[in-house]
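A closer look at the structure
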Amino acid sequence: MVKKLQKTNASKKSGVPLTGSVKDSAQQIWQAGLGAFNKAQAEGSKAFEALVKEGVSLQRKTQSVAEEKISEATNKMSTMATDISSKASGQWDKLESIFEERVAKALNKLGVPSAKDVNALIDRIEELNKSVQKLSAKGAASNVASKTAPKAATRKAVKTTAKRVVKAAVKATSSSVAKPATKRVAARKAAPV
């Protein structure tokens, strides 16, 4: 640029018109602009392609990071859901056991035997049946040996003995279950109306 100005100063001195030098200068600027545009266009496509490649690699990186974060979040959520469900089931079990205990207490106060009491009664009745069978077998053996007592009398004696034993067992097991109810009945009878 400096040289061009010097030339223009020289051309003024030499007598070349000023308009010609401006025209030459404008033409050179125009050509320089076209050259810059051409160069920018050529390098611009290369730069654009480089930017596209960088964008693709950046997109892949962000997708992999996003997938990792999503899998971490999914794992955390499933762990939390498992924890919450286990806590809820534990609370439900506690609630159920409390309910069962309170119902059992209420039934016991009303004099209703529990399943445990009924099972104990069944076991006791089975023991008594075995005892009755042993007694009836002994009675039958003594009956055959002595042949003095009639069979009907022996059977009656075994039946009455078995009935007494069963009644005693039922009374013994039911007395522990029925105590609260009998106390309340006695208290009601004693209370003035």
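Basis of the calculations
Residues numbered from 1 in each chain as written. Predicted model: local features only at pLDDT ≥ 70, side-chain atom pairs only at ≥ 80, totals over all residues. Heavy atoms only, no water. Helix = DSSP H or I, 4+ residues; strand = E, 2+ residues; numbered from the N terminus. Buried < 20%, exposed > 50% of the residue type's maximum accessible area, 1.4 Å probe, protein only. Contact = heavy atoms within 4.5 Å. Areas by Shrake-Rupley, 256 points an atom, 1.4 Å probe, with all protein chains shown as cover. Patch = residues over 30% accessible without salt bridge, like charges linked within 9 Å, V, L, I, M, F, W, Y side chains within 5 Å. Salt bridge = Lys/Arg side-chain N within 4 Å of Asp/Glu carboxyl O. Lys, Arg positive; Asp, Glu negative; His and termini not counted. Charge placed at Lys NZ, Arg CZ, Asp CG, Glu CD. Expected span 1.5 Å × (residues − 1).

Description of the overall build of the chain
Secondary structure assignment for the chain yields 4 helices and 0 strands. In sequence order, the secondary structure elements of the chain are arranged as α-α-α-α. Taken over 193 residues, the chain has a buried fraction of 7%. For the chain, the share of sequence-separated contacts (at least 6 apart) that also reach a separation of at least 24 residues comes to 77%. Only carbon and sulfur atoms are counted for the fraction: they give 63% of the accessible area of the chain, which is about 16,500 Å².

Some thoughts on a nonpolar patch on the surface
A cluster of nonpolar side chains, contributed by Phe99, Val103, Leu107, Leu110 and Val112, occupies part of the molecular surface with about 460 Å² of accessible area. Along the chain, the position of Leu110 falls in helix 2 (residues 18-110). Classification of Leu110 by relative accessible area gives exposed; the value is 59%.

With respect to a negative patch on the surface
On the surface, Asp93, Glu96, Glu100 and Glu101 cluster together to form a negatively charged patch. Accessibility expressed as a relative area gives 48% for Asp93, which makes it partly exposed.

Section: the pattern of salt bridges
Enumeration over the complete set of coordinates arrives at 1 salt bridge. Of the charged contacts, one joins Glu127 and Arg124 as a salt bridge, the two residues approaching to 3.5 Å between their closest N and O atoms. One end of the pair, Glu127, and the other, Arg124, are both in helix 3 (residues 115-146), 3 residues apart, so they sit about a helical turn from each other. What makes Glu127 partly exposed here is its relative accessible area of 44%. Judged by relative accessible area, which is 35%, Arg124 ranks as partly exposed.

A few points about helix 2
Taking 1.5 Å as the rise per residue, helix 2 with 93 residues should run 138 Å; its terminal C-alpha atoms sit 128 Å apart, in good agreement. Once helix 2 ends, the next one or two residues include Gly111, with phi positive near 90°.

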